[in-house]
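Here are the chains, one letter per residue:
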Amino acid sequence: MEHEVIVQISNKIKSIRKEKNLTLQDIADRAGVTKGLISQIENSRTIPSLLVLIQIIKALEVDLDLFFNDLSAHSTAASILVQRKSDYERFEKEPSSGYEYFRIFTKKVKQSMIDIVLLEIQPGSSRDFVQTEAFEYKYIISGSVRYQFVDQEIMLNAGDSMLFDGRIAHNPINEGTEVVQMLVVYFFEEK
C-alpha cells in the first residue's frame, strides 16, 4: 500500500510538471534541491522527506489540499489476466458483411495515456526482466512466446493475449525459430 501511494505521488509530480511545461531544473531551482533528486522522486527511486515534498508541491504552484485530494491508499495492483483466443467474445458492432468483432478485454481507464507498440522478438533474443509504470496489454500476432514473471511462466501463442501490471517484473522469451510479433498497448494512469 505504501509503495502504491509513493508511485501516485511520483506520477502526480511528473504529470503536473509536464502539464505546466516545467523542466526538472525549474522545479529543482524553485524547491531548493538538485535536479537529480527531482528525477529520482519522479521515477519512484527515492522517497522525499515531508519538507522536500512540500517544497516541490509549492514549486509546482499547486495547493497542498488539491495535490493530495485524489491520492488513494488502497492497492491498485492488478493480477495477471490471460485471455485465450478461444475465449474471445464475438459481438456485432454495426450491421456489416465480412467484419467480425471479438471483445478481448474491456478495462475502464479514467485519465490515461495510451502507447501502442508493435514488438518483434527475434529467435534466440534475450534480455533482463523489465518493469514499466503502466498496465500492459499484449496480443500475440505471430509466433509463440514464453512470458517469465518472478513466480510464474505463461506460454502465449498467436491469437492469445494478456493484461498485467507492468510493475510486475517480466521478460518475454522467443524460444522458437520464427520472429514473434505482438501488439503491445501500454496504459499509463495519470494521477
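Just so it is clear, the structure is predicted and the values come from calculations on it, not from any experiment.

Novice: Explain the overall build of the protein to me, and be specific about the residues and the numbers.
Specialist: Helix and strand counts for the protein stand at five helices and 10 strands. With the model as given, the accessible surface of the protein reaches about 11,600 Å², and the carbon-plus-sulfur share is 50%.

Novice: Got a sec to walk through unusual backbone geometry? Specific residues and values, please.
Specialist: Of note in the backbone geometry, asparagine 21 takes a positive phi value of approximately 55° without being a glycine. Positionally, asparagine 21 belongs in the loop between helix H1 (2-19) and helix H2 (24-31). Even without a glycine there, the phi angle at glutamate 61 is positive, about 55°. In this fold, glutamate 61 is placed in the loop between helix H4 (50-59) and helix H5 (64-69).

Novice: I'd like a description of the pairing of strand E7 (residues 153-157), backed by residues and values.
Specialist: Burial of the side chains of E7 is restricted to one face: Ile154 and Leu156 are buried, whereas none of Glu153, Met155 and Asn157 on the reverse face is. One ladder, built from five bridges, connects strand E6 (residues 144-149) with E7; its direction is antiparallel. Following the sheet pairing, serine 144 is matched in E7 by asparagine 157. Connecting the antiparallel pair E6 and E7 is a turn made up of three residues.

Novice: Which residues make up the pattern of salt bridges, and what values do they have?
Specialist: Under the defined criterion, the tally for this structure stands at six salt bridges. Close ionic contact of glutamate 136 with lysine 138 constitutes a salt bridge, the shortest N to O distance being 2.7 Å. Exposure remark for lysine 138: the relative accessible area of 2% places this residue in the buried category. One salt bridge in this structure joins arginine 167 and aspartate 165, with 2.9 Å as the shortest N-O distance. On the accessibility criterion, arginine 167 (18% relative accessible area) is buried. Residue aspartate 165 is classed as buried on the basis of its relative accessible area, which comes to 2%.

Novice: Before we move on, could you go through the packing of H2 against H4 and cite the residues and values that matter?
Specialist: Two quantities define a packed helix pair, namely the angle between the helix axes and the distance between the axes. Contact geometry for H2 and H4: axes closest at 8 Å, N-to-C directions at 120°. Comparing their axes, H4 and H2 come out oblique. Crossing of H2 against H4: the hand is right-handed. Where H2 abuts H4, its residues Ile27, Arg30 and Ala31 lie against Gln55, Ile56 and Ala59. For the contact of H2 with H4, the per-class residue count stands at four nonpolar, one polar and one charged.

Novice: Go over H2 with me, naming the residues and quoting the values.
Specialist: Inspection of H2 places Leu24, Ile27, Ala28 and Ala31 among the buried residues, and these make up the whole buried set. Buried residues of H2, seen end-on, are gathered within an arc of 100° and therefore sit on one face of the element.

Novice: Describe empty space enclosed by the protein, with residues and values.
Specialist: In this structure the tally under the stated criterion is one cavity of 30 Å³ or more. What the largest cavity holds in volume is close to 80 Å³. Taken together, 10 residues form the lining of the largest cavity, with Asn11, Glu133, Ala134, Arg167 and Glu189 sitting closest to its centre. For the lining of the largest cavity, the secondary structure elements donating two or more residues are H1 and strand E10 (180-189). With three residues, E10 is the single largest residue contributor to the lining of the largest cavity. Partitioning the lining of the largest cavity into residue classes produces five nonpolar, one polar and four charged.

Novice: Mind laying out the sheet that holds E7, listing which residues take part and the relevant values?
Specialist: Spatially, the three strands line up as an open sheet ordered E7-E6-E9, and their pairing is antiparallel. What marks the edges here is a single partner per strand, and that holds for E7 and strand E9 (170-173). Within the sheet, the average angular offset between the axes of one strand and its neighbour, ignoring direction, is 20°.

Reading the values: rules and limits
- Residues numbered from 1 in each chain as written.
- Predicted model: local features only at pLDDT ≥ 70, side-chain atom pairs only at ≥ 80, totals over all residues.
- Heavy atoms only, no water.
- Helix = DSSP H or I, 4+ residues; strand = E, 2+ residues; numbered from the N terminus.
- Areas by Shrake-Rupley, 256 points an atom, 1.4 Å probe, with all protein chains shown as cover.
- Buried < 20%, exposed > 50% of the residue type's maximum accessible area, 1.4 Å probe, protein only.
- Pairing = 2+ DSSP bridges.
- Salt bridge = Lys/Arg side-chain N within 4 Å of Asp/Glu carboxyl O.
- Axes fitted to C-alpha atoms, helices over the stretch in contact; angles between N-to-C directions.
- Parallel < 35°, antiparallel > 145°, perpendicular 65-115°, else oblique.
- Left-handed = near helix turned anticlockwise from the far one by under 90°.
- Contact = heavy atoms within 4.5 Å.
- Nonpolar A, V, L, I, M, F, W, Y, C, P; charged D, E, K, R; others polar.
- Arc of directions from axis to C-beta.
- 1 Å grid on protein atoms, 1.4 Å probe; cavity = no way out; pocket = protein on both sides within 12 Å on 5 of 7 lines; lining within 4 Å.
- Points joined across faces, edges and corners; volume = space filled by probe spheres on them.

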